[in-house]
Structures are given as C-alpha cells and as structure tokens.
Amino acid sequence: MPGKIKCYTPAIPSETVSIQEIIASLFPMKGKRILLGISGSIAAYKMPHFVRLLTKAGAQVRVVMTPAAKEFVSPLVLETLSKHEVLCALASDSQWANHVMLGRWADLFLIAPASCNTMAKSAAGLCDNLLLATLLSATCPVWLAPAMDEDMWHHPTTQRNMKTLEGFGYRVLDTEYGELASGLFGQGRMLEPEKLVQLLEDFFSAEQALKNYKALVTAGPTYENIDPVRFIGNHSSGKMGVAIAEALAEQGCQVELVLGPSNQSSSHPAIHITRVRSAEEMYQHSVQIFPNCQIAVMSAAVADYTPEQVAGEKIKKAGESLNIQLKKTKDILKSLGEIRTEQQVLIGFALETQDEENYARKKLLEKNADMIVMNSLRTEGAGFGTDTNQVVLFERSGARHETGLLSKKEIAALIVKRISELASQKINT
C-alpha cells in the first residue's frame, strides 16, 4: 500500500496526506494523553464513566485528585478503569509524586469537576495539594469544567475568578442548567461526560479543520468622538466576536482580531489583537488585513454615523439644545464584499429590532456576504452585554439555521462549524 494517498477532508485544502493523518482525523482521541484532575464536588461521581469513555476512545488517562474528592468517588475504581495509579498526595510511602512531570506528560489537563474552591485557589495561584501543584507546573492546554450550585456560580467572586483563569490562557467550559445537588434547578451543573468527550474530540481534530487558514474578525463597539470627553457609541461588549475568534483559533486558524473599545481580550496564542476606537480605524485595519485572509467575520457593532467635526476642547453647556452634524461611516462589510474573491468566506452580523428576517436577507445580498448572523434585541437573554445569545444564520444558498438560546461560546462554535463547511465547499469546487 502506498504511503501517501489523495484525500479530501472538510475545510482542509486539498493535499496529499499520510495514512497516519487519516487515522488521526477518524479517531482524534487515539493515543492522546489526558490528565484528569478531580476536585471535591458531588459531580465527581460521574468521573468513572468519563474515564471509561476516554479509554474506549483510545486515550491514555491519568488521574490526580484532591483529598476532598476522595469523599465523592473511589480512587480504586478510577485506577481500575484508567489502568494507572491515582495520585492524591504530594508524597506517600517516602515517594514524591512528580507533579512537574505530570504536567509535562499530558496533551491536555482537564479539571472536572472544578469546584468553586478549586477555581478560587487556582485563580490565586495557591498549591496546597497535588492537583494545584500540577496545575502550576502544566505546560499543556488546561481546561476546567465547573460544578457548583447556582448562587455560587453567579457570585461575583466566582465570575471574577473565572475571568482570571481565562486570562491565564485556561479554557473554562460552560455549565448547564438543570437539577443541582441542593435540589434547586439552575445554572451550575457540570457538562455531562459525553459532552466533555465530544469537546475533547473536537479539540484534537481541530488542527485538521482550519489548519493553514487565516481569519479576520472584528468585534466590540466603535466610539465616535464628539469632543475630548464625549463620544457616540453603543452597548456592544465584544463577547460574541471574541468567542468567534477563539473558536476559529481552536480550529487551527491564525486570527487577526480587530477589537473596538471593550474590556474583552484573549490570550490564545493564535490570536493577534489590534485595538481600535473609531469606525474609521476599524475600516483601515480591516481592508489592510482582509486580502491575506480566507475568512472574515464582521461581528463588530460599528457606528453608522460619526460627527463631521470633532471639537478640540470640551463643548460647554450653552443654550437649550446642541446640534451635531453627522456623516455616514464607511461600510466595512460592504467594502470587503466588493473586493472579495470567490475563495474567501465573508460573514456579517445584523442586529435588528423589527422585520428582522427581511433586513437580514437584504443585507446578505447587498453586502455580497456568504452568511448573515442575525440577532434580535427582542429575544430575552440575547444581544448586547449578555453571556448568552440566540441567532439565525442566513446563507447565500438560501439555507436558514436557527439556534436556541445558548452561551456565546456555543453559538460561536456553531458559527465556526458552518464557516468550516463553507470554506470546504469553496476549495473543493
């Protein structure tokens, strides 16, 4: 059998690939080394099933636990399923558990469940147990799957700790809504083992999905100066655009993120961030970057108008009214649609408050885009400033895809999945 064959895989440029690469694409978990950290949460009872799913998928699994975790799940069961000793202490029987080598052994370190306490200690850099010491030594990607009661999940300290951990470059997975250990129903359930395995498979096959692609993403609002202290702006947080940039990066893309004034950021090594303030600055950077990209996602909430004149000094209060003459800003999506090639995927966003679908379809044609992602401010829990969203995808082919109310990370993953399929179609036709 020849060592090379001709193969086509979704969203990958046509090329000669090896048999090993084909096997890796079909069985993304085979041979992967997963270090599982278990902290003290009732959700730990699901971990034997999770370990079993990982080993069936071909992964090598090693487990490290906090002392509190042993109250919820048996180390012996986990040892039997993983076929490796479960480590719980920094030292036992005069032997040292080498947390440094554990962190270097793994292809990915997943802490599941990640309790509120463990997340807090991790954010503070504490290492009073083996799991935390291993975390501080880890050189591989780190994921956390939180599990806690709803009030703990929504507490400002937990939300702050989560942002801190994400700032370290860790991936904090979403929680689910459902029955909690307290007997209440709410947000805070750990993702089910099957969902965790799917996320891992997606991650390890990601390098095959959009490898060698470059993407431009715009995100956040723009601020149009009136004078040195006032501006015209909007409530966009940039969360959706940053989530899309990170989802693209996880699929192997090199991403140029042009980010308006926002407190959002990303530490993903495949994302380069250019900070801008005005629509004009966002336009200039976008048209410069776009020709070298195969994918462009215009998710920023760009101001439609900007003052014709910007006062050099603060405008003083005088008279009963103030008239400010506005002029149209440059339409970034339309400009890119005019210069795009048929090999480029161009995605736009539309935020409407009335007659949403008609406006979205009209925008799709007028801007020469491949897809318009439509938001509606009339949907509770969607739109500016929220962690959730609900969108409808309109494609040039006439296809229409509607999502339910999901986290913005989940919405981003769905959008990027469709982008991958569109990119594959353009290359293989």
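Residues numbered from 1 in each chain as written. Predicted model: local features only at pLDDT ≥ 70, side-chain atom pairs only at ≥ 80, totals over all residues. Heavy atoms only, no water.

One open sheet accounts for five strands, arranged E4-E3-E7-E8-E9; its pairing is parallel. Looking at which strands have only one partner, the edges of the open sheet turn out to be strand E4 (60–65) and strand E9 (171–172). Bridge analysis of strand E8 (residues 142–146) against E9 gives two bridges, and the strand direction is parallel. Bridge pairing in E9 places Leu-144 opposite Val-172. (Pairing = 2+ DSSP bridges. Helix = DSSP H or I, 4+ residues; strand = E, 2+ residues; numbered from the N terminus.)

A separate point is the layout of surface pockets. By volume, the second largest pocket is sized at about 1,200 Å³. Lining the second largest pocket are 41 residues, and of these Ala-300, Val-302, Asp-304, Phe-349 and Lys-363 sit closest to its centre. Among the elements of the structure, strand E12 (214–219), helix H10 (239–250), helix H12 (332–339), strand E20 (345–352) and helix H13 (356–366) are those that each provide at least two residues to the lining of the second largest pocket. Its residues placed into classes, the lining of the second largest pocket shows 16 nonpolar, 14 polar and 11 charged. (1 Å grid on protein atoms, 1.4 Å probe; cavity = no way out; pocket = protein on both sides within 12 Å on 5 of 7 lines; lining within 4 Å. Points joined across faces, edges and corners; volume = space filled by probe spheres on them. Nonpolar A, V, L, I, M, F, W, Y, C, P; charged D, E, K, R; others polar.)

Mapped onto the elements, Lys-334 comes out in helix H12. With relative accessibility at 38%, the residue Lys-334 sits in the partly exposed group. In contact with Lys-334, other than residues within four places in its own chain, are Glu-366 and Lys-367. (Buried < 20%, exposed > 50% of the residue type's maximum accessible area, 1.4 Å probe, protein only. Contact = heavy atoms within 4.5 Å.)

Turning our eyes to something else, we now look at the nonpolar core. Formed by 35 residues in total, the largest nonpolar core has its most connected members in Ile-244, Leu-248, Val-255, Ile-295, Val-297 and Ile-415. Elements that contribute at least two residues to this core include exactly E12, H10, strand E15 (254–259), strand E17 (295–298), E20, strand E21 (371–376) and helix H14 (408–427). No other element matches H10, which puts eight residues into this core. Core analysis: the next-biggest nonpolar cluster, separate from the first, contains 33 residues, Ala-44, Ala-59, Ala-147 and Phe-204 among them. (Core = buried A, V, L, I, M, F, W, Y, C linked by side-chain atoms within 4.5 Å.)

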